[in-house]
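# Breakdown of the fold
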Amino acid sequence: MPRSSAADATTWSNWAGNQHSATAAVLRPTTVAEVVEQVRSAAEAGARIRPVGSGHSFTPVAVGDGSRMDLAELAIDVRVDIDRRLVTVPAGMTLRQLNSLLADHQLALPNLGDIDAQTVAGAISTGTHGTGAAYGGLATFVAALTLVTGTGEVLHCSAEEHPEVFDAARISLGALGVLVEVTLRCVDAFVLRAHERPAALDTVLTDLPDLVGTHDHVEFFWFPYSRRVQLKVNDRVPADDRPLPRWRGWLDDDFLANTVFAGACRLGRAVPALAPTISALSARALSERVYTGRSDAVFCSPRRVRFVEMEYALPRDALPEALHALRRIIDRLPFRVLFPVEVRFTAADDIWLSHSYGRESAYVALHQYLGMPYEPYFRAFEQVATELGGRPHWGKLHWREADSLAEAYPRWQDFQRIRTHLDPHHLFTTPYLSTLLG
């Protein structure tokens, strides 16, 4: 029989602690057949189900008004095809677990973001991405997926089988069904050479076309109230011949980037006038370093300082104008900003609800320390980004609604058609998705 729990996990909150929900039942299917039975039972009862991952979205995308479905115990046979470089995994597997699995088979994902705690389903469904002008987000690595629809039908989708559903379901916010299995296209395991250094913002913007065009992965963090950035460049190299000493990794990534930075944020929250000084010191705290390492170990970093975030994907050539406007916004705010602004790059893709659908993108991510005001800051930049043709990241805070978003996505109506077909009883609809998708 399908298992559920009404006592041990009826309340839920996300990683940042800014989203909460309570439910009368938590569904914990262990087989695809149980998922099907639970979906059909909910449809017959006129109830709703919301699949939930690891809670690393900042929006209410995981908040539902029906039963919550946890896929952590879903038994799916892991299949690794080394010759074709394909791996099939349960959708509830975390990226950290996936990276370890791939490394055991001398494989890797072509690109990753800097957090590996998300589930595979959650990461692809919200458009999680890393940086690299030649690389799309994680959803572009999906070769096939298995979806349980709102009628309880099990669909195996790929570019050859149910191709329209495949184009819609790779980034779908859980609105089309329950993702139970995902097949990912991998590459041979590789080593990255990381070069991280302080730089001047104006210099980086001037050199940006060359940086993005000649390096595999480029990103930078701009420190508000300063003209300084931390530039990060990762390139593929043949050998892991310059590993980061353990003490240096602890000093930079654990002590400075987490322990010390957390203390600085607490001080800035208590005494906001110190924020510009804290930002200037932060810009100089991390010195230059060059090292090599296994790809996922270089891509992913520990993130223990809690924050809220908004991120917009912009046409790449709009980035200088957006950053110029952002500097003016921050200078005029009645409060201070304690976190740096992150800038990344991705290639164009053909996934209907991808932020990078049909265009090369520059992503601008705004963060604010928990407990500090953020809405006027985020909303002001959202207005700028919207006017520049920006699309909000599906897992990050924003205030766009269906009418506005429909103008930003050329295949919006096609997605709605597929959604109506796969979920005719609105089984996977939530109050937030009704606002977001209509």
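Check the entry above for the structure.
Presented here is a report on the structure given in the accompanying data block. In this text, all values refer to a predicted model and were calculated from it rather than measured experimentally.

### Focus: the overall build of the protein chain
Helix and strand counts for the protein chain come out as 13 helices and 21 strands. Taking 2.2 N^0.38 as the reference for a compact globule, 438 residues should give roughly 22 Å; the C-alpha atoms of the protein chain span a radius of gyration of 21 Å, in line with that estimate. Each principal axis of the C-alpha distribution contributes one length, and for the protein chain these read about 60 × 50 × 40 Å. Expressed as a percentage of its 438 residues, the buried residues of the protein chain come to 58%. For the protein chain, contacts bridging at least 24 residues in sequence account for 74% of all contacts bridging at least 6. Within the structure as shown, the protein chain displays about 17800 Å² of accessible surface, and the carbon and sulfur contribution to it stands at 52%. The distance from the centre of the 43 positive side-chain charges to the centre of the 51 negative ones in the protein chain is 6 Å.

### Describing the pairing of strand β20 (residues 361-369)
Of all the nine residues making up β20, nine are buried; the element is thus mostly covered by neighbouring parts of the structure. Neither face of β20 is exposed, since S361, Y363, A365, H367 and Y369 on one face and A362, V364, L366 and Q368 on the opposite face are all buried. Here nine bridges tie strand β18 (residues 307-315) to β20, and the two strands are oriented antiparallel to one another. Within β20, the position partnered with F307 by the bridge is Y369. Pairing between strand β19 (residues 341-346) and β20: five bridges, direction antiparallel. Within the sheet, the bridge partner assigned to V343 lies in β20 and is V364.

What counts, and at which threshold
Residue indices begin from 1 for each chain and proceed along its sequence in written order. Residues qualify for local features only when their pLDDT is at least 70, as the model is predicted, and side-chain atom pairs are given and counted only at 80 or more; totals for whole chains, interfaces and linings, by contrast, use all residues. Side-chain descriptors were evaluated using all non-hydrogen atoms of the structure, hydrogens and water having been removed beforehand. The secondary structure listing takes helices from DSSP runs of H or I that are at least 4 residues long and strands from runs of E that are at least 2 residues long, numbered from the N terminus. Using C-alpha atoms as the atom set, the radius of gyration is obtained and then compared with a globule rule of 2.2 Å times the number of residues to the power 0.38. Exposure categories follow from relative accessible area, calculated using a 1.4 Å probe and restricted to protein chains: below 20% of the type maximum is buried, above 50% is exposed, and the middle band is partly exposed. Contact between two residues is taken to exist if any of their heavy atoms lie within 4.5 Å; hydrogens are not considered. Here, Shrake-Rupley sampling with a 1.4 Å probe gives the accessible areas, and only protein chains in the shown set may cover a residue. In this tally, Asp and Glu contribute negative charge and Lys and Arg positive charge; neither His nor the terminal groups of the chain are included. Here the site of a charge means atom NZ of a Lys, CZ of an Arg, CG of an Asp or CD of a Glu. A strand pair is defined by DSSP finding two or more bridges across the two strands.

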